[in-house]
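For reference, the chains in residue letters:
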Amino acid sequence: MAETKGGKPVSASQQPTGTDKAVVTRRQYFRRKKVCRFCVDRIDDINYKDVKLLSAFLTERGKIVPRRLSGVCAPHQRRLSNAIKQARNIALLPFTTR
Amino acid sequence: MRIYEQLFIVRPDAASEEIDALLEQLGGVIAGAGGKLDKIEKWGLRKLAYPVEKRQEGYYVLLQYAAGAEVVKEIERRFRVSDLVLKYLTVRIDERLKWLEKRKKQREKRAQRKPAAARPAAEGSPMPGEPVVKE
């Protein structure tokens, strides 16, 4: 992990917050490299019927979470967004929620 | 012949006999054209993610069948005519199933290869970019 690089002990407030790469930006905060959940868990089948899985990639308002936030790789994001759009069509997922 | 998946929403206040009658009709259409109905899954009453025809709930039914394109056309036509069905979605899944099968095989092949070669090497550095100091 990144904090071993500097040699200094890291306090709890300086722990990785879960954003981009393993790069130290301007002292205080670290960025951890995010990994694609579908690659890690070996999920091949991103299916529109799997509402539980898909809704994890929607914001509160029902938007699709962008890759830069979720860390999903490009091929999987493509499949994911297709599946979400199919699920929206058949009212399994919302287009938008107020 | 292609494999299709058909998910559709029936009006929540429809009687179960009406749904069965509809399903029977669809089964007839598929069988009549030389197709094969593989499965019927009744998901039951579910909340809709957004209102459809001013209804908040719907009775979901999933069909899977192997048939030609003209069967899909006919079924969709019936759905549009029938006032029982609120919404439907047809997905062609044969190519997808094939692709999934392929991926599964690849995975198995790789899993067989791995225990012999990759495991001991991977244990050395659990995190990339971190130099392992050996004394």
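Please refer to the structure higher up on the page.
Reference entry: report on the structure contained in this document.

What about the nonpolar core?
Thought 1: The biggest cluster of nonpolar side chains holds 36 residues, and the ones touching the most others in it are Ala83, Ile84 and Ala87 of chain A together with Phe8, Ile9 and Val85 of chain B.
Thought 2: Contributing elements (two or more residues each) for this core: helix 4 (74-89) of chain A together with strand 1 (2-10), helix 1 (16-32), strand 2 (36-52), strand 3 (55-67), helix 2 (69-81) and strand 4 (85-92) of chain B.
Thought 3: Per-element accounting of this core gives the leading share, six residues, to strand 3 of chain B.

Observations regarding the interface of chain B and chain A
Thought 1: Each partner contributes residues to the interface: chain B has 16 residues there, and chain A has 14 residues.
Thought 2: Within the residue set of the side of chain B that touches chain A, elements represented by two or more residues are strand 1, strand 2, strand 4 and helix 3 (94-123) of chain B.
Thought 3: Top element by residues in the side of chain B that touches chain A is strand 2 of chain B. It accounts for four residues.
Thought 4: Residue classes in the side of chain B that touches chain A are distributed as ten nonpolar, two polar and four charged.

Details of the pairing of strand 3 of chain B
All names here are of chain B.
Thought 1: With nine bridges joining them, strand 1 and strand 3 adopt antiparallel strand pairing. Its bridge partner lying in strand 3, Ile3 is registered against Ala66.
Thought 2: Direction of pairing for strand 2 relative to strand 3: antiparallel, over a ladder of eleven bridges. Pairing of Val52 across the sheet is with Arg55, part of strand 3.

A few points about the sheet that holds strand 1 of chain B
Residue and element names in this part refer to chain B.
Thought 1: Pairing within the open sheet is antiparallel, and its four strands lie in the order 2-3-1-4. Looking along the sheet, the strands with just one partner apiece sit at the ends: strand 2 and strand 4. Each strand of the sheet is rotated relative to its neighbour by a mean of 20°, with strand direction disregarded.
Thought 2: Contacts between helix 1 and the sheet are confined to strand 1, strand 2 and strand 3, with strand 3 contributing the most and set at about 25° to the helix.

Brief notes about helix 2 of chain B
Residue and element names in this part refer to chain B.
Thought 1: Compared with an ideal rise of 1.5 Å per residue, which puts 13 residues at 18 Å, helix 2 spans 19 Å between its outermost C-alpha atoms and is within 8% of the ideal.
Thought 2: All of the buried residues along helix 2 are Val71, Val72, Ile75 and Phe79. One side of helix 2 carries all its buried residues, which in axial view fall inside an arc of 100°. Those residues of helix 2 that are exposed and aimed more than 90 degrees away from the buried face are Ala69, Glu70, Lys73, Arg77, Arg80 and Val81.
Thought 3: Those residues of helix 2 hidden inside the fold are in contact with strand 1, helix 1, strand 3 and strand 4.

A few points about the environment of Leu37 of chain B
All names here are of chain B.
Thought 1: Considering the arrangement of structural elements, one finds Leu37 in strand 2.
Thought 2: Measuring from C-alpha to C-alpha, the distance between Leu37 and Leu26 comes to 9.3 Å, with eleven residues separating the pair along the chain.
Thought 3: Here Leu37 is in contact with Gly27, Ile30, Leu63 and Tyr65, once residues within four sequence places are set aside.

Conventions we followed
The residue numbering used here restarts from 1 in each chain and proceeds along that chain's sequence as written. Chains carry letters and ligands carry numbers; both start at the beginning, A for chains and 1 for ligands, and go up in the order they are written. Totals for whole chains, interfaces and linings use every residue, but because this is a predicted model, local features are given only for residues with pLDDT of at least 70 and side-chain atom pairs only at 80 or more, for both listing and counting. Residues enter a nonpolar core if they are buried, belong to Ala, Val, Leu, Ile, Met, Phe, Trp, Tyr or Cys, and are joined to the set through C-beta atoms within 7 Å. The exposure scheme places C-beta atoms from the backbone and then counts, for each residue, the other C-beta atoms within 10 Å of its own, assigning buried at 20 or more, exposed at 12 or fewer, and partly exposed in between. By definition, any uninterrupted DSSP run of H or I lasting at least four residues is a helix, any uninterrupted run of E lasting at least two residues is a strand, and each is numbered from the N terminus. Whether two residues are in contact is decided by their C-beta atoms, placed from the backbone, lying within 7 Å. Three residue categories are used. Nonpolar comprises Ala, Val, Leu, Ile, Met, Phe, Trp, Tyr, Cys and Pro, charged comprises Asp, Glu, Lys and Arg, and polar comprises the others, including Gly. If DSSP finds at least two bridges between two strands, the strands pair. With axes taken as lines fitted to C-alpha atoms, and helix axes fitted only over the stretch in contact, angles between N-to-C directions fall between 0 and 180 degrees. To estimate how far a helix should extend, the number of its residues minus one is multiplied by 1.5 Å. Think of the arc as the fan of directions from the helix axis to the C-beta atoms.

Purely spatial values, then, with no claim about function.
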